[in-house]
Amino acid sequence: MAVRPVVIWPDDRLRQPSVPIAQVDDSVRALYQDLVDSMYAENGLGIAALQLGDPRRMFIVEPKLAGRPETDPPVAFLNPELVEASEEQQDSEEGCLSFPEIYIKVKRPMRCKVRAMGLDGQPFEVEGERLLARCLLHELDHLTGKLLVDFVGPLKRQMIKKRLTRQKAADGDGDEAEA
Ligand code: ZN
């Protein structure tokens, strides 16, 4: 149970293939808790295990967004797959914990349905529209190594790379000054 640093692009760990989870054991439950702690520490709506550098096929979504009571724990999606996506699209700005302070316009289906295994080992389905659909599709993208920068052209991608690399260097200097 710990807040772990979120992997920031361009880090190759965000592109590694995700590995299916065979069964829910203590190490999967520990990963879930780290995801919860790290997501809340960063005020995220969702986070994928790859963003903590862990290749297991899993993401979580903030409970209220997922249609659960606010006081519920975040919803865990293990081995999730896309069942349906609407032809109707939505187009708005999207952020990602692996791209701090970067927002990119992404066109996505308005509605989608995702099937996954829960922490209880049972299959379940979630249907979402608008922001929930966007969040589910974003997290599913993470599990196939697809990232926000894959939605922009090479010039903008280069700009984002420069900005995040600079930010990382600045953060490094800060740590040294504090130490
Ligand atoms: Zn993301």
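The rules behind these values
Residues numbered from 1 in each chain as written. Predicted model: local features only at pLDDT ≥ 70, side-chain atom pairs only at ≥ 80, totals over all residues. Heavy atoms only, no water. Helix = DSSP H or I, 4+ residues; strand = E, 2+ residues; numbered from the N terminus. Expected span 1.5 Å × (residues − 1). Buried < 20%, exposed > 50% of the residue type's maximum accessible area, 1.4 Å probe, protein only. Core = buried A, V, L, I, M, F, W, Y, C linked by side-chain atoms within 4.5 Å. Contact = heavy atoms within 4.5 Å. Polar contact = N/O pair within 3.5 Å; in protein donor to acceptor, adjacent residues only side chain to side chain. Pairing = 2+ DSSP bridges.

Asks: How would you explain unusual backbone geometry if you had to name every residue and give the values?
Replies: If a residue is not glycine, its phi is most likely negative; likewise, a peptide bond is most likely trans. Of note, the bond from W9 into P10 is cis; its omega dihedral lies within 30 degrees of zero at 0°. Inspection of the secondary structure puts P10 in the segment before α1 (26-41). The backbone of E101 sits at a positive phi, close to 65°, despite the residue not being glycine. For E101, the location among the structural elements is in the loop between β4 (89-94) and β5 (104-109).

Asks: Mind laying out helix α2 (residues 131-143), listing which residues take part and the relevant values?
Replies: One turn of the α-helix equals 3.6 residues, which is why residues spaced by three or four share an orientation. If you check α2, its first and last C-alpha atoms are 19 Å apart, about what 13 residues at 1.5 Å a residue would give, namely 18 Å. The complete set of buried residues in α2 reads L132, A133, R134, C135, L136, L137, H138, E139, L140, D141, H142 and L143. G145 occupies a position one or two residues after α2 and carries a positive phi of about 80°.

Asks: Before we move on, could you go through the nonpolar core and cite the residues and values that matter?
Replies: Among the nonpolar cores identified, the biggest contains 19 residues, and F59, V61, F77 and L136 are the most heavily contacted of them. Of all elements in the fold, only β2 (58-61), β3 (75-85), β6 (111-117), β7 (123-129) and α2 reach the threshold of two or more residues within this core. Among the elements that make up this core, the one with the highest residue count is α2 (seven residues). Once you skip the residues sitting within four places of it in the chain, F77 turns out to touch R57, M58, F59, V61, V114, A116, M117, F124, V126 and L136. One finds V24, L35, A49 and M58 within the second-largest nonpolar core, a separate group that totals 18 residues.

Asks: I'd like a description of the side chain of S98, backed by residues and values.
Replies: Residue placement: S98 occurs in the loop between β4 and β5. Side-chain polar atoms of S98 contact the side chain of Q51, separated by 3.0 Å. Those residues in contact with S98 that sit more than four places away from it in its chain are V6, V7, I8, W9, L14, Q51 and L164.

Asks: Help me get a handle on the pairing of β3, residues and values and all.
Replies: The pairing of β2 with β3 spans four bridges and is antiparallel. Looking across to β3, one finds that V61 is bridged to V75. Bridge analysis of β3 against β6 gives five bridges, and the strand direction is antiparallel. When the sheet's bridge partners are listed, L82 is paired in β6 with V114.

Asks: Could you give an account of α1, with specific residues and numbers?
Replies: If you check α1, its first and last C-alpha atoms are 22 Å apart, about what 16 residues at 1.5 Å a residue would give, namely 22 Å. Residues of α1 that are buried sit in contact with β1 (46-48), β2 and β3. For α1, the N-terminal capping position is held by D25, with its side-chain oxygen 3.2 Å away from the main-chain nitrogen of S27. The first or second residue beyond α1 is N43, which carries a positive phi of 55°.

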